[in-house]
There are 2 protein chains.
Amino acid sequence: MTSYKDVTSYKIDDVARETGLTKRTIRYYEEIGLMPAPERSEGGTRRYTQEHIEHLRRVIEARDVLGFSLQEIQEYIVYAQELTGHRQLYPQIQEPELKLAKLREMDGALDAQLRALQEKIDKILSMKQELEQFRDRVSAGIARLEAEHDPQSTKNDMEGTRK
Amino acid sequence: MTSYKDVTSYKIDDVARETGLTKRTIRYYEEIGLMPAPERSEGGTRRYTQEHIEHLRRVIEARDVLGFSLQEIQEYIVYAQELTGHRQLYPQIQEPELKLAKLREMDGALDAQLRALQEKIDKILSMKQELEQFRDRVSAGIARLEAEHDPQSTKNDMEGTRK
DNA sequence: CTACATATTAACGTTAACGTCAACGTTAGA
DNA sequence: TCTAACGTTGACGTTAACGTTAATATGTAG
């Protein structure tokens, strides 16, 4: 399909700039298995690909947006690797039986993850509604104070309060 | 024992059971100002109210669902206290000018919080959609393998999966 | 080839968010 | 009143998630 392998490689400083992570953090994420280890140059310098960057972006999102611990992301990492292209949908499993079992396992795990995500969304929505109601009360308080203090200046839809 | 007043109080162990936090964590949250300090008995034992429990529940939600650090929750805590009833909407400020300024400040902060929440919701939704697409690919793989392995199965929803 | 910026590993340091233990005081039921 | 269960305050321990420093090797502009 693609004519040749994508040769564009990034040094760790480039990846740091692209992702906003520090070099230390990038190496750390590799160390604990949060990212596939990149190829090395002859001398041992890490050579990252675009896929590594995309992968890291997913990890960062899971960390920041979902608030997952790095341990929790480990369980999610399989899908992140699939999504980024670091793994094949079909691993090197030859027996269809095993392949099928593996896929079913993934399917179940994905369903669980999706339900958890939906639950999270629902909770955030309810928190948001609470905050909105509170903001409305604050707004009402502002409006009342404004009317009290400066009765004639506002675009009038307020009936005159006493005194 | 039972007083005529409806002022039910909880010991720290009760609060721990109600919230799922440990006693250590409850004291710690009070220590760093994440929760209003409760009244004490003559001997010094903490006496919590229902409001403390509700307050803690909000803190837990912010911690778990939003993934906030306890420091970040500190900034959100003002609203949590309002919502739980630990504070008055109008503090003891007498000057209407100051009161108004304070309310406007809260209004602005609330708007910012709400926008941040919406942004978070959007990001989670997009992550969810990605995962859903991936799950669909896995499901398709399962269906194909099942058909290969079990060709006479009565399931027939094979549409144009093949191109 | 030289110089110098950047890379590597190894090791120890740091902060948040609690856990755990000790020594001691309080509460409540028999 | 006694006592076992529960509470209190230090104070030190622990783990995750990196930061920092040092000693050394590698990459590259001139």
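Preceding block: the structure.
Residues numbered from 1 in each chain as written. Chains lettered and ligands numbered in written order. Predicted model: local features only at pLDDT ≥ 70, side-chain atom pairs only at ≥ 80, totals over all residues. Heavy atoms only, no water.

### A few points about the relation of the copies chain A and chain B
What connects the two chain copies is a rotation about an axis and a shift along it. Our working definition: Copies are brought into register by a least-squares superposition over C-alpha atoms of residues with pLDDT of at least 70 in both. Contact between two residues is taken to exist if any of their heavy atoms lie within 4.5 Å; hydrogens are not considered.
Superposing chain A onto chain B requires a rotation of 180° together with a translation of 0.1 Å along the rotation axis, leaving an RMSD of 0.1 Å. As the rotation angle and translation indicate, the two copies are arranged about a two-fold axis. No C-alpha of chain A approaches the rotation axis more nearly than that of Gly67 of chain A, which lies at 2.0 Å. Most of the interface of chain A is mirrored in chain B, where 100% of its interface residues are also at the interface.

### Describing the protein's contact with DNA strand C
Applicable threshold: Near residues are defined by distance, with any heavy atom within 4 Å of the molecule or strand qualifying the residue. Whenever two N or O atoms come within 3.5 Å, that pair is a polar contact, provided that in protein one can donate a hydrogen and the other can accept it, and provided that, for residues adjacent in sequence, both atoms are side-chain atoms. Under the DSSP-based scheme used, a helix requires at least four consecutive residues in state H or I and a strand at least two consecutive residues in state E, with every element numbered from the N terminus.
Close contacts around DNA strand C come from 23 residues, with Arg27 and Arg46 of chain A together with Thr22, Tyr29 and Ser41 of chain B the closest. Counting only atoms of DNA strand C within 4 Å of the protein, the sugar-phosphate share comes to 75%. Within the contact set of DNA strand C, a phosphate oxygen lies 3.3 Å away from a backbone nitrogen or oxygen of Gly43 of chain B. Counting only elements with at least two residues in the surface near DNA strand C, the list comes to α1 (12–19) and α2 (23–31) of chain A together with α2 (23–31) and α4 (70–84) of chain B.

### Some points on the environment of Pro38 of chain B
Residues and elements named next belong to chain B. Defined as follows: Here the term buried applies to any residue with accessible area under 20% of the maximum for its type, exposed to any over 50%, and partly exposed to those in between, with areas from a 1.4 Å probe on protein chains only.
Looking at the secondary structure, you find Pro38 in the loop between α2 and β1 (39–40). Residue classification places Pro38 among the buried residues on the basis of a relative accessible area of 7%. Considering only alpha carbons, one finds Pro38 and Thr49, 11 residues apart in sequence, at a separation of 7.8 Å.

### Digging into the pattern of salt bridges
To be explicit about the condition: The term salt bridge refers to a side-chain nitrogen of Lys or Arg lying within 4 Å of a carboxyl oxygen of Asp or Glu.
Across all of its chains, the model carries 20 salt bridges over all chains by this definition. Ionic contacts of the salt-bridge type, sharing partners, join the residues Asp111 of chain A together with Arg135 and Asp136 of chain B into one network.

### Focus on the packing of helix α5 (residues 96–149) of chain A against helix α5 (residues 96–149) of chain B
Let me state the cut-off plainly: Throughout, an axis means a line fitted to C-alpha atoms (over the contacting stretch in the case of helices), and angles, computed between N-to-C directions, take values from 0 to 180 degrees. Roughly parallel here means an angle under 35 degrees, roughly antiparallel means over 145, roughly perpendicular means 65 to 115, and every remaining angle is called oblique. By definition, any crossing whose near helix is turned counterclockwise from its far helix by less than a right angle is left-handed, and any crossing with a clockwise turn is right-handed. As a working rule, the residues Ala, Val, Leu, Ile, Met, Phe, Trp, Tyr, Cys and Pro are called nonpolar, Asp, Glu, Lys and Arg charged, and the rest polar, with Gly in that last group.
Packing of α5 of chain A against α5 of chain B leaves a shortest axis separation of 7 Å and a crossing angle of 165°. In terms of axis orientation, α5 of chain A runs roughly antiparallel to α5 of chain B. Considering only the axes of α5 of chain A and α5 of chain B, their crossing is left-handed. Considering only residue class, the contact of α5 of chain A with α5 of chain B consists of 32 nonpolar, 10 polar and 18 charged.

### Considering the protein's contact with DNA strand D
For DNA strand D, the set of nearby residues contains 21 residues, the closest of which are Thr22, Tyr29 and Ser41 of chain A together with Arg27 and Arg46 of chain B. Taken together, the sugar and phosphate atoms account for 78% of what DNA strand D places within 4 Å of the protein. For DNA strand D, a phosphate oxygen lies 2.9 Å from a polar atom in the backbone of Leu70 of chain A. Between DNA strand D and Arg40 of chain B, the relevant distance is 3.0 Å, taken from a phosphate oxygen to a side-chain nitrogen or oxygen of the residue.

### Section: the side chain of Thr84 of chain B
Residue and element names in this part refer to chain B. As for its position among the elements, Thr84 is in helix α4. One polar contact links the side chain of Thr84 to the main-chain carbonyl oxygen of Ala80, over a distance of 2.5 Å. In contact with Thr84, other than residues within four places in its own chain, are Glu51, Glu54, His55 and Arg58.

### Some remarks on α4 of chain B
This is how it is decided: By definition here, a helix of n residues has an expected span of 1.5 Å times n minus one. The reported bend at a residue is simply the angle between two axes, fitted to the 7 residues ending at it and to the 7 residues beginning with it.
Between the first and last C-alpha of α4 of chain B there are merely 18 Å, a value that for 15 residues lags more than 12% behind the 21 Å anticipated at 1.5 Å per step. Along α4 of chain B, the helix axis deviates most sharply at Tyr76 of chain B, where the bend reaches about 55°. When α4 of chain B is considered as a whole, its buried residues turn out to be Ile73, Tyr76, Ile77, Tyr79, Ala80, Gln81, Glu82 and Thr84 of chain B. Close packing links the buried residues of α4 of chain B with α5 of chain A together with α3 (50–64) and α5 of chain B. Downstream of α4 of chain B by one or two residues, Gly85 of chain B has phi in the positive range, about 95°.

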